[in-house]
Amino acid sequence: MSQVHHHEAHVHDDVDQRLEYILELLRAEGGRVTTGRRLIVHALLTAADHHVTAEAVAALVQAEAPDVHLSTVYRTLDSLERLGIVGRVNLGQAGAVYHLTDHTHDHLVCEGCGTVTEVPADMISPLRADVLARYGFVVTPRLSVTGLCKACSSGTS
Ligand SMILES: [Zn+2]
Ligand SMILES: [Zn+2]
C-alpha cells in the first residue's frame, strides 16, 4: 500500500479523534455505525484536501477493504448524506465532491484544475455580516468561492 506519511505525530491522533466524534454524531442522528460507514468517514478524513469525488472515496475505501463494492460506497455516501454527516458540494461543470459537515468552513474552488481548498469560515464571515446588513441576504453556509488557485493563476504558458 503506497501512502504518504505525515511527519507530525499528532496528525493520526487528530484523525482518530475526529473519526470517533463524527461516529458519535452519526449515532446521535439515529444511524448505525457500520464498517462501510466508518471506512467512508475515515476516507474523507484522510483524503487530500478532504473534498473528493465519489470515485476517489471508493478508491480510498477499496485500498483498505478491496471487497467493498463501488455501489455500496455510493449507497453509503447517500445514507450518510441523509443523516447529515456527509455533504455533497456541487461544483457545476466540474461535477461534485463529498465532504464532512462536522465543522463549518467555506471553499475556494479552482476553475482551472478543479481543486477544492477548505478555508476557515471566519475568513468569509465579515462578508456575510456586510451582505446581511446591507441586503438582508443570508449567504449559504459552506460557500464556494470560484477562481484560480495559486498554481493555475501563476502559470504563464
Ligand atoms: Zn467542504
Ligand atoms: Zn488550479
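Not measured: the values here are computed from a predicted model.

Quick notes on the rules
- Residues numbered from 1 in each chain as written.
- Chains lettered and ligands numbered in written order.
- Predicted model: local features only at pLDDT ≥ 70, side-chain atom pairs only at ≥ 80, totals over all residues.
- Heavy atoms only, no water.
- Helix = DSSP H or I, 4+ residues; strand = E, 2+ residues; numbered from the N terminus.
- Buried < 20%, exposed > 50% of the residue type's maximum accessible area, 1.4 Å probe, protein only.
- Contact = heavy atoms within 4.5 Å.
- Areas by Shrake-Rupley, 256 points an atom, 1.4 Å probe, with all protein chains shown as cover.
- Lys, Arg positive; Asp, Glu negative; His and termini not counted.
- Charge placed at Lys NZ, Arg CZ, Asp CG, Glu CD.
- Donors = N, O, S within 2.8 Å, 3.2 Å for Na, K, Ca; no water.
- Tetrahedral: all angles 85-135°; square planar, octahedral: opposite > 155°, others 65-115°.
- Pairing = 2+ DSSP bridges.
- Axes fitted to C-alpha atoms, helices over the stretch in contact; angles between N-to-C directions.

A. Broad picture of the overall build of the protein chain. Per the secondary structure count, the protein chain includes 6 helices and 5 strands. Order of helices (α) and strands (β) in the protein chain, N terminus to C terminus: α-α-α-α-β-β-β-β-α-β-α. C-alpha atoms of the protein chain, sized along the principal axes, occupy 50 × 45 × 35 Å. Here the protein chain holds 157 residues, and the buried ones make up 34% of them. In the protein chain, 48% of the contacts between residues at least 6 apart in sequence involve partners at least 24 apart. Carbon and sulfur atoms provide 54% of the accessible area of the protein chain, an area that totals close to 10,000 Å². The distance from the centre of the 12 positive side-chain charges to the centre of the 19 negative ones in the protein chain is 7 Å.

B. Highlighting the coordination of the zinc ion (ligand 2). Donor atoms from the polypeptide that bind the zinc ion (ligand 2) are Cys110 (SG), Cys113 (SG), Cys149 (SG) and Cys152 (SG), placed at 2.3 Å. Geometry at the zinc ion (ligand 2) is tetrahedral, judged from the 4 donor atoms that bind it and their angles of 104 to 114° at the metal. Coordination of the zinc ion (ligand 2) draws on donor residues from a single chain, spaced C-x2-C-x35-C-x2-C in sequence. Here Cys149 lies in the loop between β5 (144-147) and α6 (150-154) and Cys113 lies in the loop between β3 (105-110) and β4 (116-120), a separation of 36 residues in the sequence.

C. Highlighting the coordination of the zinc ion (ligand 1). Those protein atoms acting as donors to the zinc ion (ligand 1) are His51 (NE2), His99 (ND1), His105 (NE2) and His107 (NE2), and they sit at 1.9 to 2.0 Å. Coordination at the zinc ion (ligand 1) comes from 4 donor atoms whose angles at the metal span 101 to 116°, giving a geometry best classed as tetrahedral. Along the chain, the residues that donate to the zinc ion (ligand 1) are spaced as H-x47-H-x5-H-x1-H. A residue is classified by how much of its surface remains accessible, and His105, at 2% relative accessible area, is buried.

D. Representation of unusual backbone geometry. Of note, the phi angle at Asp49 is positive, near 65°, even though the residue is not glycine. A relative accessible area of 41% means that Asp49 is categorised as partly exposed. Positive phi outside glycine occurs at His50, with the angle close to 60°. Examined against the element boundaries, His50 turns out to sit in the loop between α2 (35-46) and α3 (54-64). A residue is classified by how much of its surface remains accessible, and His50, at 28% relative accessible area, is partly exposed.

E. Representation of the environment of Ile40. Take Ile40: it is sitting in helix α2. In the structure, Ile40 is positioned 19 residues away from Tyr21 in sequence and 14 Å away in space, judged by C-alpha atoms. When near neighbours in sequence (up to four residues on either side) are disregarded, Ile40 contacts Val57, Val61, Val73, Thr76, Leu77 and Leu80.

F. Representation of the sheet that holds β4. Taken in spatial order, the 3 strands line up as β4-β3-β5 in an open sheet, and their pairing is mixed. Only two strands of the sheet have a single partner each, and these edge strands are β4 and β5. Taking each pair of neighbouring strands and ignoring which way they run, the sheet shows an average axis angle of 25°. Note: β3 against β4, 5 bridges, orientation antiparallel. Following the sheet pairing, Asp106 is matched in β4 by Val119.

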